[in-house]
Amino acid sequence: MSSFLATDAPPLYVQVAVSLPLYQTFTYRVPEHLREKGRGVRGDRVLVSFGGRRLTGYVVGPAPATPGKGVPEVKDLLEVLDEAPVVTEEIFRLTRWLADYYCAGWGEVLRTALPALGRGRRAPLWKLSEAGEEALAAGAVRKGLRRGILEILSEHREGLTAGQTARQLDGHPESSIRPALRHLARQGWVEVRNLPARWRTRPTLLAELVQPPEELEEEKLKRRAPRQWELLRLLLKTPSLRLDALPAGLRGGPLRALTAKGWVRVQEATGAGDGSKDRAKPSPLRPTPHQTQAFGPIAESLRQGGFQAFLLHGVTASGKTELYLRAIEQVLADGKGVIVLVPEIALTPQLLGRFRERFGEQVVELHSDLSDPERYRGWRCAASGEVPIVVGARSAIFTPVPRLGLIVVDEEHEPSYKQEESPRYHARDVALIRGRFAGATVILGSATPSLESYWNGRKGKYHYLSMPKRVENRPLPSVSIVDMRKEASSEGILSKPLKEALEERLRRKEQSLLFLNRRGFASALLCRDCGHVAQCPHCAVSLTFHLQAACLRCHYCGHRAPGPKTCPGCAGVRLDRRGLGTQRVEETVQRLFPEAAVGRMDRDTTRARGAHRRILDRLARGEVDILIGTQMIAKGHDYPAITLVGVISADISLNMPDFRAAERTFQLLTQVAGRAGRGSGPGEVFLQTYRPDHYCIRFARTQDYDGFCRQELEFRRELRYPPFSRLARLRVESGDAEMAKEFVGRLADAMIKILPAGVAEVMGPSPGVFPKLQNRYRWQILLKASTPKLLLQALRMGSELTEGRLRPPSKVRFGVDVDPVELF
């Protein structure tokens, strides 16, 4: 692949970044047998011995010099894990920036950038040891199977798997080889090496429509075999599709069934598979005036080339996706590639459907709902240029698409673009840096942009584009605020106006969404006699009651306990289920509307692979009258039959101790309201709240984004919160409460003393909002600075402390979160 590094002759010594949170790289020697093969060059993924363990590492370049006298003996690279270098120069540059900015180890960033390559296991490799060579020469094993295994391994110095060894020893099944190998390993004569998975590339297969059935009973097939119908519908629009470009749920049984009927055939693709058979189809829709006005600067940027960032601020259903599609058409016509990021897997199916209708087999998906081999194959197709459009979640931003011309970040305001474990990068910000490095256009799209992006757009850092009207001049849904302080019906779950609206939609055969940002049945189990609340033994949070499993569950560590029949504190029986969850809403709705088809979409119902797609497919087919869900249903979905949205508790997120609470609440309410009225019928929204006078609720009712921003920005300016400052959080965790408290106190005192005036403000230390999670006590220090440069200066001073005289004790975990999006 031309985009990958040239395999120059490898140096004798190389620098390797290992997959650990370590800033420095380490020197290794390239053994002669690898040098002879031209391996061990920059970009190679390798196996190394590190601290008594075997770890994956990445060759980042030659070592600056041969180790001198007094330097410990340099270890050899153990193995090169891929057939060719897997890291391009562009990805090297991007990950180096990311490691520096987010204070992460370069090796762990590289591992994140190559997710499908670094996971899984492959069959263990058995290799003859030095002791085994001596035993073989001394005749310690004179005959039999074990002697034969030693002789075979002596001929294959790089080692063999048990299956390969069995094939070398005709007549011996693998089941007998394995025990013999384990015995030889116990003797020390054989070494076993467990290696990361190495996925094999497979030929590109195409599903092709042979000919459409002459008399297709559409409704019958849709009813009896909906997945066969979905696959057939795709092939009727695009007669030839790559198998790895099909939704995962359509590649097995549905494909076999249509093949058996003679309607579809599967065959190997010929040629380069560059999508030449299926170039982009022009849009059949006439753009609205606002779309035309917004697209002009984007098209000009794509024509000129070079980096430019756009903030596309369009109300819900204003046609932002159509602009993405038109921009991609122009990029493909120039022979360049595209990356499209979405914040949730749940948003992927419908967006992919629209992309595949327009671009056919030129689209590949990359996200965690795929298996590792599937992701690897998709990654290779994108990296080779065979498929020019990548659609995926957060980590898809690292895909080494050659000649990258466009990056789209849909729903750019979403906090799920921020990775919460190290490396704690924000995919939106990484997309902007990658666009700058690649000379590509970047489009950030949202109906409710983050305040940071909105501020950058207004200040001219981004080119601000506005689409204030829905397509076809459809009206925004009417929004009503229901003051729940005055409601007493339906256990405080469904107000009278919302219940009546649901009844009306059921009569009219229209669909409804009910949104609640909390899963489970009840958020706490309270004893009405003594006041005891069931707590997680590992976290400082209450356990959530789940009705179907009749258990209490912690949503932070996964702890489960049977639902008690009596209070563990006083043995009382008056146990009250307090608070709301999606399960409880579902039970109430089913009881009130027994004739309705009710669905639920939250983390509990979407754990299985492909569950998101199955639920949304049922919704699209009209098999769900009322869908209840959490944030998964709040944005990005476009179903014309949905005319009613009810928000069960509009102020839940307002109660979070976070300066972004009002912004998150406004965004959620605006986004979920936007699911209503996207078809020909008008939409209606009910916001149930106990805080009807809060400014974010009032602005959400009128969809007044500018009004909300003006008030919220004044609050941020006064307290010097982003976008008027930059934040970093120093996180300290330990299983020992006193040790965590003592270390974070010393660290805060030291930082206050060493930071020069005007560099950064030190806030804390303070316990985390959840001071104990997963048996670990949590403390944090916030650093606030006026610019990124000053913030990183403060973090470097902190790193010098923690790597020197204030090195954390072995039982204390220390981490840095730059630009945190959550403060708990």
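Everything numeric here is computed off the predicted structure, so don't read it as measured data.

1. A look at the sheet that holds strand β18 (residues 478-483)
Here we have six strands laid out as an open sheet, ordered β18-β28-β27-β19-β26-β25, and parallel in their pairing. Only two strands of the sheet have a single neighbouring strand rather than two, namely β18 and β25 (598-601). Direction aside, the axes of adjacent strands within the sheet are offset by 20 degrees on average. Bridging between β18 and strand β28 (residues 684-689) involves six bridges; their strand directions are parallel. Looking at the pairing, Val482 lines up with Gln688 of β28. Each of β19 (511-515), β25, β26 (626-629) and β27 (642-647) touches helix α19 (residues 611-620); the most contacted strand, β25, lies at about 150 degrees to it.

2. Points about the pattern of salt bridges
Under the counting rule described, the total for this entry stands at 41 salt bridges. In this structure, Arg776 engages Glu733 in a salt bridge whose closest nitrogen and oxygen atoms are separated by 3.6 Å. Separated by 43 residues along the polypeptide, Arg776 in strand β31 (residues 776-785) and Glu733 in strand β29 (residues 726-734) bring together distant segments of the chain. When salt bridges that share partners are traced, they join Glu504, Arg505, Arg507, Arg508, Glu510 and Glu684 into one network.

3. Things to note about the packing of aromatic side chains
Following the criterion strictly, the structure yields 16 aromatic pairs and no others. Measuring from centroid to centroid gives 6.2 Å for Phe666 and Tyr705, while their planes differ by 45 degrees, and the two rings are tilted. Of this pair, Phe666 sits in helix α20 (residues 661-673) while Tyr705 sits in helix α22 (residues 705-719); the two residues are 39 residues apart in sequence, bridging distant segments of the chain. Using a relative accessible area of 1% as the deciding quantity, one classes Phe666 as buried. Residue class for Tyr705 comes out buried when judged on its relative accessible area of 6%. Taken together, Tyr454, Tyr464, Phe666, Tyr695, Tyr705 and Phe708 form an aromatic cluster joined through their ring pairs. Over the face of the ring belonging to Phe437 we find Arg93, whose NZ or CZ atom lies 3.9 Å from the ring centre. Lying across the ring of Phe699, Arg698 places its NZ or CZ 5.8 Å from the centre.

4. Brief notes about the packing of helix α11 (residues 289-304) against helix α12 (residues 320-333)
Remark: α11 packs on α12, axes separated minimally by 10 Å, with the N-to-C direction vectors making an angle of 25 degrees. Taken together, the axes of α11 and α12 are roughly parallel relative to one another. In this structure, α11 crosses over α12, and the sense of that crossing is right-handed. Here Gln291, Ala294, Phe295, Ile298, Ala299, Leu302 and Arg303 of α11 come into contact with α12, specifically with Glu322, Leu323, Arg326, Ala327, Gln330 and Val331. Here the contact of α11 with α12 is built from residues that sort into eight nonpolar, two polar and three charged.

5. Focus on the sheet that holds β29
Two orientations exist for strands paired in a sheet by backbone hydrogen bonds: parallel and antiparallel. Across the sheet, which stays open at both edges, the four strands sit in the order β30-β31-β29-β32 with antiparallel pairing between neighbours. At either end of the open sheet lies a strand with only one pairing partner, and these are β30 (761-773) and β32 (812-818). Between one strand axis and the next, the sheet turns by 20 degrees as a mean value, whatever way the strands run. In this structure, β30 lies alongside β31, joined through seven bridges in antiparallel fashion. Paired with Glu761 across the strands is Lys784, a residue of β31.

6. Topic: the confidence of the model for the protein
Close inspection of predicted coordinates is inappropriate for parts of the model with low pLDDT. Mean pLDDT for the protein: 85, with 88% of residues reaching 70 or above. A low-confidence stretch, residues 270-279 stays under pLDDT 50, and its non-local contacts, those more than four residues away or across chains, total 21 contacts.

7. Things to note about the side chain of Glu412
Structurally, Glu412 can be placed in the loop between β15 (404-410) and α15 (427-438). Within the structure, the side chain of Glu412 is placed 2.8 Å from the side chain of Ser453, a separation counted as a polar contact.

8. Considerations on the state of the cysteines
Scanning all chains against the criterion turns up zero disulfides. Cys527 takes part in no disulfide bond, and the closest cysteine sulfur, belonging to Cys570, lies 3.7 Å away. Judged by its relative accessible area of 1%, Cys527 falls in the buried class.

Conventions used here
- Residues numbered from 1 in each chain as written.
- Predicted model: local features only at pLDDT ≥ 70, side-chain atom pairs only at ≥ 80, totals over all residues.
- Heavy atoms only, no water.
- Pairing = 2+ DSSP bridges.
- Helix = DSSP H or I, 4+ residues; strand = E, 2+ residues; numbered from the N terminus.
- Axes fitted to C-alpha atoms, helices over the stretch in contact; angles between N-to-C directions.
- Contact = heavy atoms within 4.5 Å.
- Salt bridge = Lys/Arg side-chain N within 4 Å of Asp/Glu carboxyl O.
- Phe/Tyr/Trp six-rings, centres within 6.5 Å; stacked < 30°, edge-to-face > 60°.
- Buried < 20%, exposed > 50% of the residue type's maximum accessible area, 1.4 Å probe, protein only.
- Lys NZ or Arg CZ within 6 Å of the ring centre and 35° of its normal.
- Parallel < 35°, antiparallel > 145°, perpendicular 65-115°, else oblique.
- Left-handed = near helix turned anticlockwise from the far one by under 90°.
- Nonpolar A, V, L, I, M, F, W, Y, C, P; charged D, E, K, R; others polar.
- pLDDT = per-residue confidence, 0-100.
- Polar contact = N/O pair within 3.5 Å; in protein donor to acceptor, adjacent residues only side chain to side chain.
- Disulfide = S-S within 2.5 Å.

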